[in-house]
Each structure stands twice: as structure tokens, then as C-alpha cells.
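These are the residues of each chain, in order.
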Amino acid sequence: MSTPYAKLPGWADYGLIPFINLVVAFLVAGLVVLLVGESPIQAAGLLLKGAFGSAAGIGYTLYYATSFIFTGLAVAVAFHCGLFNIGGEGQAYVGGLGVALVCLTFDGIFPWWINFPLAILGAAAIGGIWAMIPGWLQAKRGSHIVITTIMFNFIAASLMVYLLVGALKPANSMAPQTRTFAEGAHLPKLDWLLEMFGASIRSTPLNLSFVLALVMAVAVWALIWRTRLGYEIRTRGFSPKAARYAGINEARIVVVTMMISGALAGMMALNPVMGDQHRLQLDFVTGAGFVGIAVALMGRSHPAGIVPAAVLFGMLYQGGAEISFVMPDISRDMIVIIQGLVILFAGALEHMFRPAVQTIIASLRPSAMRLGPAKGEGV
Amino acid sequence: MDFINLIVQLLDATVRVSVPLLLACLAGLYSERSGIFDIGLEGKMLAGAFAGAATAAVYGSAWLGALAAMAIAVFLALVHGFASITHRGNQIVSGVAINFIAAGSTVILGQAWFRQGGRTPSLSADARFNPITLPGAEALRDVPVIGQIYSDIISGHSLLVYLAFLMVPFTWWVLFRTRFGLRLRAVGENPAAVDTAGISVTWLRYRAVICTGVLTGLAGTYMAVSQNAGFVKDMTAGKGFIALAALIFAKWRPVPAMFACLLFGFLDAFAIRFQGIAVPLIGKVPVQLMQALPYILTVVLLAGFIGRAIPPKAGGAAYVKER
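Owing to the predicted nature of the structure, the values given are computational and were not obtained by experimental measurement.

S.K.: Give me the overall build of chain B: which residues, what numbers.
M.R.: Across its full length, chain B carries 13 helices and 2 strands. For chain B, whose C-alpha radius of gyration is 20 Å, the value lies close to the compact-globule estimate of 20 Å for 323 residues. Each principal axis of the C-alpha atoms in chain B carries an extent, and together these give about 70 × 50 × 40 Å. Residues classed as buried in chain B amount to 52% of the 323 residues present. The contacts in chain B between residues at least 6 apart in sequence include a share of 77% that link residues at least 24 apart.

S.K.: Could you give an account of unusual backbone geometry, naming the residues involved and the relevant values?
M.R.: In terms of backbone geometry, most residues other than glycine have negative phi values and most peptide bonds are trans. Residues and elements named next belong to chain A. In the Ramachandran plot, threonine 286 falls in the positive-phi region, its phi being about 40 degrees despite a non-glycine side chain. Along the chain, the position of threonine 286 falls in the loop between α12 (270-277) and α13 (288-298). Backbone geometry places arginine 300, a non-glycine residue, at a positive phi of 50 degrees. By the element assignment, arginine 300 lies in the loop between α13 and α14 (303-326). Classification of arginine 300 as partly exposed rests on a count of 19 C-beta atoms within 10 Å.

S.K.: Please set out the environment of Ile4(B) residue by residue, giving values where relevant.
M.R.: All names here are of chain B. For isoleucine 4, the position within the fold is in helix α1 (residues 2-33). Of the residues examined, isoleucine 4 has 12 C-beta atoms within 10 Å and is grouped as exposed. In sequence terms isoleucine 4 and isoleucine 149 are 145 residues apart; their C-alpha atoms lie 9.9 Å from each other. Once residues lying within four places of it in the same chain are set aside, the contact partners of isoleucine 4 are Val145 and Gln148.

S.K.: So what's going on with the domain arrangement of chain A? Which residues, and what values?
M.R.: Residue and element names in this part refer to chain A. The assigned domain composition of chain A is domain 1 (7-37 + 349-379) and domain 2 (47-331). Each of domain 1 and domain 2 has a C-alpha centre, and the two are 29 Å apart. Each partner contributes residues to the interface: domain 1 has 6 residues there, and domain 2 has 5 residues. Looking at the side of domain 1 that touches domain 2 residue by residue, the class counts come to 6 nonpolar, no polar and no charged.

S.K.: So what's going on with the interface of chain A and chain B? Which residues, and what values?
M.R.: Each side of the interface is counted separately: chain A has 41 residues, and chain B has 38 residues. Listed by contribution, the elements that provide at least two residues to the side of chain A that touches chain B are α1 (10-36), α5 (112-141), α6 (145-164), α13 and α15 (333-348) of chain A. For the side of chain A that touches chain B, the element with the highest residue contribution is α15(A), accounting for 11 residues. When grouped by side-chain class, the residues that make up the side of chain A that touches chain B number 27 nonpolar, 10 polar and 4 charged.

S.K.: Now, about the packing of α1(B) against helix α12 (residues 254-273) of chain B: what can you tell me, with residues and values included?
M.R.: All names here are of chain B. One can describe the packing of α1 onto α12 by two numbers: an axis separation of 7 Å at closest approach and a directional angle of 140 degrees. When the interaxial angle is binned, α1 and α12 end up oblique. The hand of the α1/α12 crossing is right-handed. In this structure, α1 uses Leu10, Ala13, Thr14, Val17, Ser18, Leu21, Leu22, Cys25, Leu26 and Leu29 to contact α12, whose residues at the interface are Pro254, Ala257, Met258, Cys261, Leu262, Phe264, Gly265, Phe266, Asp268, Ala269, Phe270 and Arg273. Here the residues of the contact of α1 with α12 sort into 17 nonpolar, 3 polar and 2 charged.

S.K.: Any details on the nonpolar core? Residues and values, ideally.
M.R.: Judged by nonpolar contacts, the single largest core of 227 residues is most densely connected at Leu73(A), Met267(A), Ile343(A), Leu23(B), Cys25(B) and Ala246(B). A per-element tally of this core places helix α3 (residues 55-80) of chain A first, with 16 residues. Taken domain by domain, this core gets at least three of its residues from each of domain 1 (7-37 + 349-379) and domain 2 (47-331) of chain A. Aside from chain neighbours lying at most four places away, what touches Leu73(A) is Met216(A), Ala217(A), Val220(A), Leu264(A), Pro303(A) and Ile306(A).

S.K.: Please give an account of the packing of helix α2 (residues 40-52) of chain A against α14(A) that cites residues and values.
M.R.: Residues and elements named next belong to chain A. α14 packs onto α2 with a crossing angle of 120 degrees between their chain directions and a minimal axis gap of 7 Å. Taken together, α2 and α14 sit at an angle that is classed as oblique. For the crossing formed where α2 meets α14, the hand is right-handed. When α2 is examined against α14, the residues Ala43, Leu46, Leu47, Leu48, Lys49, Gly50 and Ala51 are found in contact with a partner set consisting of Met315, Gln318, Gly319, Gly320, Ala321, Glu322, Ile323 and Val326. Partitioning the contact of α2 with α14 into residue classes produces 9 nonpolar, 4 polar and 2 charged.

S.K.: Any chance you could break down α12(B) for me, citing the residues and the numbers?
M.R.: Residue and element names in this part refer to chain B. Taking 1.5 Å per residue, 20 residues should reach 28 Å; α12 reaches 28 Å between its end C-alpha atoms and fits that length. Of the positions making up α12, those classed as buried are Pro254, Ala257, Met258, Ala260, Cys261, Leu262, Phe264, Gly265, Asp268 and Ala269. Elements in contact with the buried residues of α12: α1, α7 (159-177), α11 (239-249) and α13 (287-302).

About the criteria used
- Residues numbered from 1 in each chain as written.
- Chains lettered and ligands numbered in written order.
- Predicted model: local features only at pLDDT ≥ 70, side-chain atom pairs only at ≥ 80, totals over all residues.
- Helix = DSSP H or I, 4+ residues; strand = E, 2+ residues; numbered from the N terminus.
- Rg over C-alpha atoms; globule rule 2.2 N^0.38 Å.
- Buried ≥ 20, exposed ≤ 12 C-beta atoms within 10 Å, placed from the backbone.
- Contact = placed C-beta atoms within 7 Å.
- Domains from an automatic or database assignment.
- Nonpolar A, V, L, I, M, F, W, Y, C, P; charged D, E, K, R; others polar.
- Axes fitted to C-alpha atoms, helices over the stretch in contact; angles between N-to-C directions.
- Parallel < 35°, antiparallel > 145°, perpendicular 65-115°, else oblique.
- Left-handed = near helix turned anticlockwise from the far one by under 90°.
- Core = buried A, V, L, I, M, F, W, Y, C linked by C-beta atoms within 7 Å.
- Expected span 1.5 Å × (residues − 1).

Next up, the structure:
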């Protein structure tokens, strides 16, 4: 990828420009709030209060963030390989199937600490296989991964509806969902974590999969920057030609990367299915797969950026609910707009402010422009 | 006789559900032939549907609605152009962004302005594009088969339906018989050659995305102001992506695009008509399978198992002038 832009100092490239992009995205979102006839400043206040004003709020914020960390990492891993996996939504959806199958089979037999690793494997396996097919089709048949993963989202949705109104539904029930899992398939809540900081709260859905998400963030960092496979993935992403020339098996890397990406997206299902609702429901993903795109773009595909970006979106989800209590006109759909704006300004228009920033930095510190990006921390 | 009636009904429904697909598919054709991938068709249709229905509801004119729909869709197309042509951003990312912005803002603005849970007020008959009875349709109704085909399938649609089908030969003519079309196709295959010939790649691509905007606006208008009597939250329901699938299925050519849209429309109409009913020879087909079929077919086609779909060569890549 040859960028037609000159190099900036690292702090500007990884700090200043994403920050400007984000601020612009939120300013435009503020305009929408104005258009609806509410005060953006008041809305922002309510948002913060709803997300962090109480221990329960924090619990919910982190619960949503858990899902977004998984899907954000999934998108990021594929980005490193130069692949755009829009299929996170579908992979997470079928990942739920893996969780449910494990839980429905073993929930009366094993305690949660045996079922949890099994469910992780189940979610990762089905999510991984679901992403492997587009990966294989890209590598071997040259079909465009973006289109195939979009198509697979729709196919996944149809498949899951078919299963949830058919085979997975208990015979005596009308609702399109599985039976409620027994105690053995409930993940422990993390309320004690919040209570440790002196807050006594009613139950929040925050559960053990939050810890798993953080572990996965570290694992993805290690995979991408500290292993041979990660090196090959990044090489393929940087230049497929160079990768081929270096003797890297391109098809294998593409398929493996998509499997890892799909497995991460599939694990997202653990959070709502095993951690909170204790049953597989229709549409339980609720757009988390797509939020992952915004999270990965905002976090610049680095786990250290993805986790805070996921928390920010968790905050928007939780705080957004708070806003809609006071301002009924600003519903959850506001987040979809913000998501779109973040993707637009942090993704598609990421270079918009670069020339201006370049000019300013060059005029302030001519020496800074001659330095490459900061050494060591290759993001 | 019952069987013929059934077929006629099915084909009539096919035409109706194919029209938004066809308009969106032709819209995508202009953009993608010029080298700008557009997965934001869905969002532009949705925004167009909302703007069309809202304007028609407030001013009571379907024509004003169509204008507003085209205006907002062109605006979003220009945003896509601004990101992917001027700022050389990732075209896929930009398309995804536009889909989300449209999905969110139509609901938020709809609720704030009309307070009907994201719907726009129901349109009265004179604020919609109404069915047109073609000359002689009534007289021919009683003629078996031919009369039915003419009066039930061909006649009795709104102006936009005829416009959509007329756009097919028109698009073919523009792409393959005009100077603009030649340049448009060239810029999608080899922008550097077009640039060398002294033609502005940027301006050409901008004109292509404007065409996309106009047609997606019409697609949205059809859905909200003709097919239905108002806007409903998320009413495009993935049609933009089916249109994209049809475009690939048709290998980026206008006439096959029409047949692909009719095929996908037929699958849709068939799935609605035979929901839960056993079909002769096939048995009871799960409705979800029918719904997923366009997507499955597209995946199979893209994989090169039924012919090969080769996209415009410069598609998806921003053009950087050599310095």
C-alpha cells in the first residue's frame, strides 16, 4: 500500500489525527441532535451520567464493551491481512449456535467452569468455520471477500431463523428461542469487581466473558506482533506481492486469518448468550458485529486502541439508553448514526485532515517532519 | 384456469418487487463501471425512501417527493465520492458508513418530525405515484392468456415501474453508444489511460456517482411513494445488497442486470406466495431457504462455479495521478 502522503511524527499519526477525526464525527452527531431539536451539550451530559454515573451504569457499559472488544478484534485481525471482514455479525450469530449446542447438551452435567471452555471452543469453531468459507473462496476462487461476507451475514440470519423456529425451539413454546439453560451454563457475574470499589449495586449483566475479551486482546497483540504467523499476516496485508515473493503461502494465510477472525467474532456470542440471557434468542447480536468495524477503525487495529474504543461504544450504548429516557426523540438509533459517522471520519476520510496537520506541524517544527514514526511501537 | 391465474399473479408480484432492485442495480452499474465500488446502495435507497415519503407527506406531491429523494441520495453519493475520489479513502468503508448513517438518521428524524415510531404519515392517493392503466388493457382483459398478460402483468403499474424498465435500454445506450459511456467504462478499467487522454478522472467518476444517486433516489421513491404509502423503519431490508448481488450476477451489464433482478424478484415473490405451502415436485421448502437463495446463488457465482464474474479492473482503487 503506497500512501501518497508524507510521514508524520508518530504522536500525530496515532494520536492527533484519530482524535481530530473522532471529534469531527461527534460534532456532526451533535448537529443531528440539534436538528431533532434537543441540546447536544445536555445530551452529552446525560450520556456520561448514564454510562459512568453509577456502578450499575459502569457494569452495563462494560457488558456492551465486552461484545465490541470481540468483534473489534475480529475485524482488526482481518485488516492486518488486508482483508475486510464485514461478516462479523453473521459469524457472531452462528457462534451463538456453538455456545447453545454446548450449553444445551452439558448444562445439567458439568459445572460452568467445564462448560465455559467447551462453549468457547464451540463458539470459536462455528464462527471460524463460517468465516473460513469466504476466506477459502477468496484465496482459491478469487471471490471478493467483502461481498461474500455480506452474503454470509444474510445466509446466517436465514439459517438461524430456520433453526430457532424449528429444531432448537422447545416443542411447547411459541417464542423463537431455545429453552433457558440450567445453572451449569451460567457464567459468573462480575458484580463483585464493581463492589470492590465500594459500590453496592443491583445485578448487572457484566460477566466473566469480559475477562476473556481482555485476554483475547492480549492474545491478538501477541499473535500479530510476536509470532511468525502474525508476521506473515502483516506481510500479506502490507503487500500480497511481497508475501508471495518471500515464499509465504498466501492462500493458507488468508484462510487462517479469516478463521481466527471468525473465531473471535463467534466468541462474542458467549457474552449475551451464556453470560446474560442464558438462552439463544433471535437477533441476539443486535449489530455488535457491525460496531466492530467502527471499533477496529477507531482503535487503528491495535488491541490497545480497540479496548478503549469498545468501551467508548459501550458507553454510547448504555448512555444512549439514559438519553432516551429524558429525550424520547433520541433513541438507540442515534448510536447507529454515530457509528456511521465514526466509520466515515475515522475510516474513509482518515486522510482528510492530514494535509492541514502536515502543514501546521511542518511550520511549527520543521525537524519533526524528518523523523520517521516513533521506533519500537509499530502500531 | 386457476393455474394460469396463479402464474399471472406471481409474475405481477415479481415485476413489483423487482423494480427497486432494478433501479438500485442500474445505479450500482454506473458507479462500479467507473471504478467506484458502492456497497452504500442500501443506505442511499433508504434515505431516498424517507426523504421521498416525508416530502410527499408534507407537500402532498409525489413529484416533489421524488425530487427530494433524488436530492438526498445524490448528496450521500457525493459524500461517498468525496471520501473515495477526492480523499482516496477506502470505498468499502465509506459505503458501510453511509449505510449506517442512513439507517440511523431516517429513524431519528422520522420520529422527531412525525412522531409515529419512525414511520412517515400515510400518504393519500394523490400524493403517490398511482397505477397507470395502459390503453386497451380493459378491452383485452377477457382474451385468454395474452389479454391477461397484457392487462395484469404489463399494465396497471405506476410510472416508476415503466421508467425503471426503460432505464435498461437507456443505460445500455449510454454505456455502449455514447462518448460518456465509453469514457466511463475506460475509467473503470484503466484510469491512467483516460487521464493521459486529457480527460479528468475525478470529474468523470463524480458524474458516475451522481447517476448512482439519482437512480437510488428513484428506487427509494418507488418503495415509499408508489409500492407503499409511506416510509417504514428499515424498509429496504437488504434490497440494496440483493441489487449488488444482481449486479455481480449480471457481470456488470445492463440487460442481464434486468434479468438477474427479475430472477431475484421472482424468488422473493415465490417465497411470499408459497410460504409454508408444499410445492409440487419439490415438497415444502423452508421460507428461509428461499430468502437466502439470492445470497447463496451470488456466492456460488462469485466463486466461479457458474461462469466467472470479473469486476471492472480498476474498481475499488483510488486513482493517484503520477507526479
